[in-house]
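# Structural description and commentary
So you can see what is in the structure, the chains are spelled out below.
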Amino acid sequence: MRRTFPLANARDEQQREINMPSYRGACHCGAVTFSLVSDITELTTCDCSLCRQKNALMTKVHESALTVLSGEELLSVYEWNTHRAKHFFCSRCGIYTFHRKRAAPDHFGVNVFCLEDFDPASVPVRATEGIGMSVVDPNARAQWPGPREVG
């Protein structure tokens, strides 16, 4: 099943495809495949507890730039803290493919190591601070840094 997050205006999508580079991506086992139509001008790391443990190197794209081509039913989602961010993993091989961003919910962070024919060394990397984001889960683990707020 092809799915764009969400379906973009067809005219806007066609114009974007004409002017933007496109990439194909997949998890390790190849069950989940996706396409990305976007300029990749910057990569980011994040020092939050989750990104640090999964060693994520991401590019930020608008939701209309990402289309799941196959394996959508095999994606597992991990949510924690505010449950606003949605982290998608292949349920077969466990690879993190992309996530809906907490701070920009109309954007995805895409794992650039899943992209075919993309050289991460060709784009600058910027460290982002996730460690200081508010933790609102009343049962938050001590490993989740950041200011504590009542949920």
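Note: the structure precedes this text.
This one's a predicted model, so the numbers in the text were calculated from it and none came from an experiment. (Residues numbered from 1 in each chain as written. Predicted model: local features only at pLDDT ≥ 70, side-chain atom pairs only at ≥ 80, totals over all residues. Heavy atoms only, no water.)

### Considering unusual backbone geometry
Test applied: A helix here means a DSSP run of H or I that spans at least four residues, while a strand means a run of E at least two residues long, and both kinds are numbered starting from the N terminus. Burial classes: relative accessible area under 20% of the type maximum marks a residue as buried, over 50% as exposed, and values in between as partly exposed (1.4 Å probe, protein chains only).
In this structure, Asn55 is a non-glycine residue whose phi angle is positive, near 55°. Residue placement: Asn55 occurs in the loop between helix H2 (49–54) and strand E5 (58–62). Judged by relative accessible area, Asn55 falls into the exposed class, the value being 61%.

### Here's the deal with the packing of aromatic side chains
For clarity, the threshold we go by: Working definition: a ring pair exists when centres of Phe, Tyr or Trp rings (six-membered ring for Trp) sit within 6.5 Å. Plane angles under 30 degrees give stacked, over 60 give edge-to-face, the rest tilted.
For the coordinates displayed, the defined rule picks out five aromatic pairs. The interplanar angle of 90° and the centroid separation of 5.7 Å between the aromatic rings of Tyr23 and Phe118 together place this pair among those described as edge-to-face. Of the two residues, Tyr23 is situated in strand E2 (residues 22–26) and Phe118 in the loop between strand E10 (107–111) and strand E11 (125–128); the sequence distance between them amounts to 95 residues. Of the two residues, Tyr23 and Phe118, neither departs from the other in class, the shared state being buried. Between Phe34 and Phe98 the ring centres are 5.5 Å apart and the planes differ by 80°, which places this aromatic pair in the edge-to-face class. With Phe34 in strand E3 (residues 33–37) and Phe98 in strand E9 (residues 96–100), this pair connects stretches of sequence that are 64 residues apart. On the accessibility criterion, Phe34 (0% relative accessible area) is buried. Judged by relative accessible area, which is 0%, Phe98 ranks as buried. What links up through ring pairs into an aromatic cluster is the set Phe34, Phe88, Phe98 and Phe108.

### Focus: the side chain of His107
Cut-off, in case you're wondering: A 3.5 Å cut-off defines polar contacts: any pair of N or O atoms within that distance qualifies, except that in protein one atom must be a possible hydrogen donor and the other a possible acceptor, and neighbouring residues in sequence count only when both atoms are side-chain atoms. In this analysis, two residues are considered to be in contact whenever any of their non-hydrogen atoms come within 4.5 Å of each other.
The topology assignment puts His107 in strand E10. A polar contact of 2.8 Å, which involves the side chain of His107, links it to the side chain of Asp106. Those residues within four positions of His107 in sequence are excluded, and the remaining contacts are Lys60, Val61, His62, Glu63, His99, Arg100 and Lys101.

### Side note on the environment of Phe118
Taking the relative accessible area as the measure of exposure, Phe118 reaches 13% and is therefore buried. With 94 residues separating them along the chain, Phe118 and Arg24 place their C-alpha atoms 9.4 Å apart.

### Topic: the pattern of salt bridges
Our working definition: The working definition used for a salt bridge is a side-chain nitrogen of Lys or Arg within 4 Å of a carboxyl oxygen of Asp or Glu.
Summed over all chains, the structure comprises three salt bridges. Of the charged contacts, one joins Arg126 and Glu42 as a salt bridge, the two residues approaching to 2.9 Å between their closest N and O atoms. Of this pair, Arg126 sits in strand E11 while Glu42 is found in the loop between E3 and strand E4 (43–46), placing the two residues 84 residues apart along the sequence. The class of Glu42 is partly exposed, set by a relative accessible area of 33%. A salt bridge links Glu63 to Arg100, with the shortest nitrogen-to-oxygen separation between them at 2.8 Å. One end of the pair, Glu63, is in the loop between E5 and strand E6 (66–70); the other, Arg100, is in strand E9, and 37 residues separate them in sequence.

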